[in-house]
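Okay, here's what each chain looks like letter by letter:
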Amino acid sequence: MPTLSRFLLFVFIASSFKIGSSIEVHVMNALPRGSAPMEIRCNSRSTNLDAKQLKSGDDYRWMVQKERATYLCAALWVNKIASWHGFQPRRDANQKRVFWLVKENGFFLGFDNSSWVKKSTWESE
C-alpha cells in the first residue's frame, strides 16, 4: 500500500475514533440563590477529580480525554444526596459539550445549554 494511502487510512480511522479529542463536561448549580452550597465529586476508574463546593450560579467543568471512561458524579446538598453518570460514553461521545443543570427538582442533561431533559432526582438522607 503506498505511503499516501496508508496516511489517509490512518487519518480516517483516527477521526472515526476521535483520537486526541476531548469533551467538556459542565455541572451548573441552579439551586435557589442564598441556599447552602452543593458539594460535588466526579470520578472515573482512572481519574479522581477533586471535590468541589458549588454556590448557586457556579459552573464546575472538566475535560474528558478518553471517550471510553464513564464518570460517576455524587452530590450532597443540605439533607439531599444524588448520584448520576456525569459522562457516559454511549450517550455523550459524539458531543462537544455535556451540560448538567442541577435544580431543586433534579438533574437535567443538555448538549446545547438550552434544551434540558430530566435524568435524575435528589433523595433524602
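As a reminder, the structure under discussion sits directly above these lines.
Residues numbered from 1 in each chain as written. Predicted model: local features only at pLDDT ≥ 70, side-chain atom pairs only at ≥ 80, totals over all residues. Heavy atoms only, no water.

### Some words on the side chain of serine 120
Alright, step 1. Note on placement: serine 120 falls in strand β9 (residues 117-120).
Alright, step 2. You can call serine 120 buried: its relative accessible area is 14%.
Alright, step 3. Contact partners of serine 120, with chain neighbours within four places excluded, come to Ser83, Trp84, Gly106 and Phe107. (Helix = DSSP H or I, 4+ residues; strand = E, 2+ residues; numbered from the N terminus. Buried < 20%, exposed > 50% of the residue type's maximum accessible area, 1.4 Å probe, protein only. Contact = heavy atoms within 4.5 Å.)

### Quick word on the pattern of salt bridges
Alright, step 1. Tallied over the entire structure, the rule returns four salt bridges.
Alright, step 2. The residue arginine 97 makes a salt bridge to glutamate 24 at a minimum N-O spacing of 3.3 Å. Placement of the pair is arginine 97 in strand β7 (residues 97-103) and glutamate 24 in strand β1 (residues 23-29), with a sequence separation of 73 residues.
Alright, step 3. With relative accessibility at 42%, the residue arginine 97 sits in the partly exposed group.
Alright, step 4. Ionic contacts of the salt-bridge type, sharing partners, join the residues Glu24, Asp59, Arg61 and Arg97 into one network. (Salt bridge = Lys/Arg side-chain N within 4 Å of Asp/Glu carboxyl O.)

### Focus: the state of the cysteines
Alright, step 1. Under the criterion given, the structure shown has one disulfide.
Alright, step 2. Across the disulfide, cysteine 42 is cross-linked to cysteine 73 (sulfur-sulfur distance 2.1 Å). Its S-S torsion of about 115° marks the bond between cysteine 42 and cysteine 73 as right-handed, since a negative value means left-handed. Residue cysteine 42 is found in strand β2 (residues 38-43), and its partner cysteine 73 is found in strand β5 (residues 71-77); the two are separated by 31 residues along the sequence. For the pair formed by cysteine 42 and cysteine 73, the shared burial category is buried. (Disulfide = S-S within 2.5 Å.)

### Some thoughts on unusual backbone geometry
Peptide bonds are, in most cases, trans, and in most cases residues other than glycine have a negative phi.
Alright, step 1. In this model, valine 78 sits at a positive phi of 50°, which is unusual for a non-glycine residue.
Alright, step 2. Looking at the element boundaries, valine 78 is found in the loop between β5 and β6 (80-87).
Alright, step 3. A positive phi angle, near 65°, is found at asparagine 113, a position not held by glycine.
Alright, step 4. Its location among the elements puts asparagine 113 in the loop between β8 (106-110) and β9.

### Looking at the environment of glutamate 24
Alright, step 1. Exposure remark for glutamate 24: the relative accessible area of 17% places this residue in the buried category.
Alright, step 2. Considered as a pair, glutamate 24 and phenylalanine 87 are 63 residues apart in the sequence and their alpha carbons are 9.7 Å apart.
Alright, step 3. Setting aside chain neighbours within four positions, we find glutamate 24 in contact with Arg61, Trp62, Met63, Lys96, Arg97 and Val98.

### Remarks on the nonpolar core
Alright, step 1. Val27, Met38, Trp62, Trp84, Trp100, Phe107 and Trp122 are the most contacted members of the largest nonpolar core, which has 26 residues in total.
Alright, step 2. Per-element tally for this core: the top contributor is β5, with four residues.
Alright, step 3. Look past the residues within four positions of tryptophan 84 in its chain and what remains in contact with it is Val27, Ile40, Tyr71, Leu72, Cys73, Ala74, Ala75, Trp100, Phe107 and Ser120. (Core = buried A, V, L, I, M, F, W, Y, C linked by side-chain atoms within 4.5 Å.)

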